[in-house]
Amino acid sequence: MTILSPCFTCVSSSSGFEGRVVDLETFEPEKLQATSLAIFLLATYGEGDPTDNAMAFSKWLRNEDDELSEQALGGLKYAVFGLGSTQYEHYNKMGKVAHQRLQDLGARPVVDLGLGDELTVEEDFERWSEGLWSEFTQAAIEMGRSDTVAIVEPAEVPAQGEQLDFTLKLLPTKGLLGRSTGKEKVGPSASNGAGVVKLDESKIQASTKFYFHNHEVAVLTNRELRSPRDGGSTRHVELDLAGSGLTYATADNLAVLPENPAAVVEAVAGGQGYDLDALFDMVCEKAKFPTPCTVRDALTLYLDLCGLPRRTTLGQLAAFALSAKEAERMKFLASKQGREEYNRFVVQEGRSLAELITESFPSVRLPLQHLINLAPHLQPRYYTISSSSSVYPSQVHATVAVTKDEPRPGRVHWGVCSSYLAAPSTQRVRIFIRPSSFRLPVDSATPIILIGPGTGIAPMRALLQERRYQRQAAGKEVGETLLYFGCRRRDTDFLYEEELASFKEDGTLTDLQLAFSREKKEKVYVQHLLVQSANASKLWALMSKKSGHIYVCGGTSMGLDVHKAIVSVVERAGKLNERAATDYVKALQAQGRYVQELWAA
């Protein structure tokens, strides 16, 4: 939630408080316990988990070892605003848990818990914060204090002329270094203009550590999985791990660091007057990304130029417009009154930050340090690995749906990572591996039920490869394996059709259920197949008598529909009432026998 932190540094000061921004990575319990007023901005990741830099804080707050007393935070008054997505089951779990745990430790809320949805976070925040500072002022008066600590991720984007938290130093050597993988900090040497200096881990900003901890690997295969008759694109991508030192477990998550298109980078540099081959170093307390680097690398590898900017960003850009008319237009779009126009002009039309400063508001002139401070960082995109580590120990496979939005005829917005991976020119990519929740049962004889329509087939392909390996190479007894797959049409977007047929033919796959939603007048999806009488009876038998495991992967709306269908199966086939069926499915989840990996579609 870095987009909100500037509001606190500026507004807290204008409201009479001495605000201080603290990254949760540097959270110190003793300082919090000595604080009287605090504001917590907390995002929720994945299945209700804390973000990486909030993990230590979250663990401390849970007080699992009972080291903290019930009044450990008795002197604290606070406010919590959470950021999440209503499309996920565990909506804003971190904000809700923190709000409750702070009270359990004796802290007292100044205002009600604020919850922001990722699609409307700025509006949600504005509504929540309307009376915040007056309430904090009253609390400070009552406590005899006038200081507050805002605990958030690092603040960004001061207005023009304000002090930044870093400086840029241009270096005399142009373009000498080439690309940096991020594993080492490359610095100038007095003798030859370049040297290698290991960067202290404590000097790396927590939220962008992935820039320093990744591996650049070669693309071995990049092929289309859909028919030419289909209007969309899904790519099968194979990456070479040989020599990288990377290992993975079947169906782990592959993190890919995308790159901005060269045309976008050149347009931004041309409009702002940047020399793309100029070399610079960044002097700061904690490194945001590896430097020295060229301006080209900074714009290509680290700054999110293709994402849709927040409303607050428009207001910050206005300070750099040479045209008064453009500045007023941006200020209006950033205002409450301009909210609807912002949604139409930026969100619905899909205008990126790069487009705004090169086309919509060409008079904007951002010094490089302000662009670095204003632009969000390019974030890794995660793909559930579609290969078995037993079968492909030196390769990793990904199934990538190329994102293409067309808000109106002639206007196209491409997904930055999927289009990057799909491009034939992409020969090497920066990656790292993150564990997933998809793990086969310890006992290979345990039945598994796989539900993965569309690109949700990715981890199912990996698990099927692993089951085949267990049967054929390891000689293990393997339980029943059921797959529910769906797409629009058999002849256009049936992903891995031949492979699934081979799994069925050799007995790895004991049952394959297919839903083609556009082939009949009435649309049929995987959730409809699950509740069919024969399927429901089989599913219940596998769950209740053979301790079967269920795996679901795909969009969040599909996941919710499948969850309802599973509850219905348990209710009808198991002859339980709705409450008992719901509790049964919750127990499956708690036991790790019902696992989901979902994403906002």
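Residues numbered from 1 in each chain as written. Predicted model: local features only at pLDDT ≥ 70, side-chain atom pairs only at ≥ 80, totals over all residues. Heavy atoms only, no water.

You'll find the protein entered in an unreviewed UniProt entry as NADPH--hemoprotein reductase, with Nannochloropsis gaditana given as the organism.

### Regarding the confidence of the model for the protein
When the pLDDT values of the protein are averaged, the result is 88; 89% of them are 70 or greater. In this model, residues 1-7 is a region of pLDDT below 50 whose contacts with residues beyond four sequence positions or in other chains number 25 contacts. Scored below 50 in pLDDT, residues 183-197 shows 32 contacts in the model against residues more than four places distant or in partner chains. (pLDDT = per-residue confidence, 0-100. Contact = heavy atoms within 4.5 Å.)

### Observations regarding the sheet that holds strand β14 (residues 279-284)
Pairing is antiparallel in the open sheet, where three strands are placed in the order β8-β14-β15. The open sheet has two edge strands with one neighbour each: β8 (166-171) and β15 (293-294). Across two bridges, β14 lies against β15 in antiparallel orientation. Within β15, the position partnered with Leu279 by the bridge is Thr294. (Pairing = 2+ DSSP bridges. Helix = DSSP H or I, 4+ residues; strand = E, 2+ residues; numbered from the N terminus.)

### Digging into unusual backbone geometry
Of note, the amide linkage connecting Thr291 to Pro292 takes the cis form, showing an omega dihedral of 0°. With a phi close to 55°, Ser547 is a non-glycine residue in the positive phi region. One can find Ser547 in the loop between α19 (533-545) and β24 (549-555). Here Ser547 falls in the partly exposed class, since its relative accessible area comes to 41%. Of note in this structure, Lys575 is not a glycine but carries a positive phi near 55°. Here Lys575 lies in the loop between α20 (556-573) and α21 (578-590). The exposed category is assigned to Lys575, whose relative accessible area is 73%. (Buried < 20%, exposed > 50% of the residue type's maximum accessible area, 1.4 Å probe, protein only.)

### Observations regarding the nonpolar core
With 54 residues, the main nonpolar core has Tyr274, Phe289, Leu299 and Val364 as its most contacted residues. When residues in this core are grouped by element, the largest group, five residues, is from helix α8 (residues 295-302). Each of domain 2 (201-257 + 380-436) and domain 3 (259-379) contributes no fewer than three residues to this core. The contacts of Leu299, once residues within four sequence positions are left out, are Asn260, Val265, Val268, Ala269, Tyr274, Leu276, Leu305, Leu368 and Leu371. Within the second largest apolar cluster, 27 residues are counted, among which are Val526, Leu542, Met558 and Ala581. (Core = buried A, V, L, I, M, F, W, Y, C linked by side-chain atoms within 4.5 Å. Domains from an automatic or database assignment.)

### Quick word on the pattern of salt bridges
The tally for this structure, following the rule as stated, stands at 29 salt bridges. Notably, a salt bridge pairs Arg101 with Asp104, separated by 2.9 Å at the nearest N-O pair. In this pair, Arg101 and Asp104 both sit in helix α4 (residues 93-104), three residues apart, roughly one turn of the helix. The exposure class assigned to Arg101 is buried, which follows from its relative accessible area of 18%. On the basis of relative accessible area, Asp104 is assigned to the partly exposed category, the value being 32%. Linked through salt bridges whose partners overlap, the residues forming this network are Glu123, Glu126, Arg311 and Arg339. (Salt bridge = Lys/Arg side-chain N within 4 Å of Asp/Glu carboxyl O.)

### Regarding the pairing of strand β19 (residues 411-414)
Across a regular strand the side chains alternate sides, sitting on one face of the sheet and then on the other. Of the two faces of β19, the one holding Arg411 and His413 is buried and the one holding Val412 and Trp414 is not buried anywhere. Where strand β18 (residues 404-408) and β19 come together, three bridges link them in antiparallel fashion. When the bridges of β19 are listed, Arg408 appears paired with Arg411.

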